[in-house]
Amino acid sequence: MKTDFRIGSLSCKNRVLTASGTFGYGLEAAPYTTLAALGGIVTKSVTKFPRAGNPPPRIAETTGGMLNSIGLANVGVEAFARDKLPLLRGIGTAVIVNIAGSSIDEYIDVLERLEHEQGIDAWEINISCPNVREGGLHFGAKRETAAAVTRALRPRTRKPLIVKLTPNVTQVAEIAAACADEGADAVSLINTLVGMAVDVRTRRPRLSTVTGGLSGPAVKPVALAKVYETARAVSIPVIGIGGIVTAMDAIEFLLVGATAVQVGTSSFRDPDTAVSVARGMEEFCREQGVEDIKELVGALRVDDTGAVPGFIA
Ligand SMILES: Cc1cc2nc3c(=O)[nH]c(=O)nc-3n(C[C@H](O)[C@H](O)[C@H](O)COP(=O)(O)O)c2cc1C
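What you see as residue numbers is a count from 1 along each chain, following the sequence as written. Only residues with pLDDT of 70 or above have their local features reported here, since the model is predicted, and side-chain atom pairs are shown and tallied only from 80 upward, although totals for entire chains, interfaces and linings are computed over all residues. Excluding hydrogens and water, the side-chain values take into account all heavy atoms of the structure.

### What to know about the sheet that holds strand β7 (residues 94–99)
Strand pairing in a sheet is mediated by backbone hydrogen bonds. Such pairs are either parallel or antiparallel. The pairing criterion for strands is at least two bridges between them, as found by DSSP. Helix numbering and strand numbering both begin at the N terminus, where a helix is a DSSP run of H or I of at least 4 residues and a strand a DSSP run of E of at least 2. Spatially, eight strands are ordered β3-β4-β7-β8-β9-β10-β15-β16 in a closed barrel, and the strand pairing comes out parallel. On average, adjacent strands in this sheet sit at an angle of 25° to one another, irrespective of strand direction. With three bridges connecting them, strand β3 (residues 16–18) and strand β16 (residues 260–263) associate as parallel partners. Across the sheet, Thr-18 pairs through a bridge with Val-263, a residue of β16. Note on contacts: a residue pair is in contact if any heavy atoms of the two residues lie within 4.5 Å. Axis angles are defined between N-to-C directions and span 0 to 180 degrees, where every axis is a line fitted to C-alpha atoms and, for a helix, only to the segment in contact. Where helix α7 (residues 247–255) meets the sheet, its contacts fall on β15 (238–241) and β16, and the angle it forms with β16 comes to roughly 140°.

Next up, the structure:
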């Protein structure tokens, strides 16, 4: 049975990747899972300079999910290239490096610093972090700025460019289309939804930053709707992210049009989740007589007008 896919020169043995920021730099989970059984790993966002992130508390549990305001804490591109990347070479799965910046020049600097390093299969460009004051969501919330980041990076790399989009907009498909027009090879979505939680006894917000990003099973229906909208609007591959815990969650994303998926928050509970999802998807295909998993991509029973056959209008 076929489970692999390609996006340009990026070749993945199955359609399950780990989501940025939820799997460290890729190696932290190695003792608890089988990295080589993943379609790929996406590193946490790497920025030009090291970042300590936001002060604690920067995590809060919510019904069916969690809020975070980590704020892109990371070691910075130099330490990433020196200490992390060498360990990622030869882990037996695709390595996608996620880049963030507070200006377009910073995205360029990180990409150019790493472009000729061995062991990077593709880039994911984070223009959608809600937890930083400058940059992040600022670039992802508007068509023009999303296009500008993509336009600036496209001529500087031959590797596939995956632009990671925010759900905190009215029409994500328009932003995806703007990135596709500028040469993005794929888009991934969703990043977290802006949310907050309050401690009623202390009357304080639960996060030091007041608001943060919501993720986990609670966001899955929103993510599915955004992926569905996007996949119908663009012809480049869409990678679905948001609340995936089981193989059936991932299959839902494929049916609405995702070429592949990323598993995020649920890896905190069990770092082997992404591998179980990949195995469960294979089992489902075998059960259903599906020979190539790509048969499921966009196979939702909805016609071109959005009507559902068999449902009475
Ligand atoms: C603690 C935490 C840290 C995250 N850090 C990043 C990050 O550095 N870069 C990024 O692009 N997304 C980051 N994300 C967003 C996830 O990659 C993912 O898009 C989002 O959580 C939705 O997927 P999920 O519901 O499966 O977690 C982070 C999410 C969480 C929960």
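### Here we look at the site of the ligand
If even one non-hydrogen atom of a residue comes within 4 Å of a molecule or strand, that residue is called near it. By nearness alone, 23 residues border the ligand, and Ser-20, Lys-164, Gly-216, Gly-243 and Thr-265 come closest of all. Throughout this description, a polar contact denotes any pair of N or O atoms lying within 3.5 Å of each other; where both atoms belong to protein, one of them has to be capable of donating a hydrogen while the other can accept it, and for residues adjacent in sequence the pair is counted only when both atoms sit in side chains. Ser-20 places a main-chain nitrogen or oxygen 2.7 Å from an oxygen atom of the ligand. Backbone polar atom of Gly-243 to an oxygen atom of the ligand: 2.7 Å apart, as the coordinates give it. Here the ligand, which alone exposes 610 Å², has 95% of that area covered by the protein. Classifying every residue of the shell around the ligand gives seven nonpolar, 15 polar and one charged. Each accessible area is a Shrake-Rupley result for a 1.4 Å probe, and residues are judged covered by the shown protein chains and nothing else. In this count, Pro and Cys sit with the nonpolar residues alongside Ala, Val, Leu, Ile, Met, Phe, Trp and Tyr, while Asp, Glu, Lys and Arg are called charged and the others, Gly among them, polar.

### Here we look at the side chain of Thr-33
Position of Thr-33 among the secondary structure elements: in the loop between β3 and β4 (40–42). Separated by 2.6 Å, the side chains of Thr-33 and Asp-272 make a polar contact. Residues contacting Thr-33, with those up to four places away along its chain left out, are Phe-23, Pro-271, Asp-272 and Val-275.

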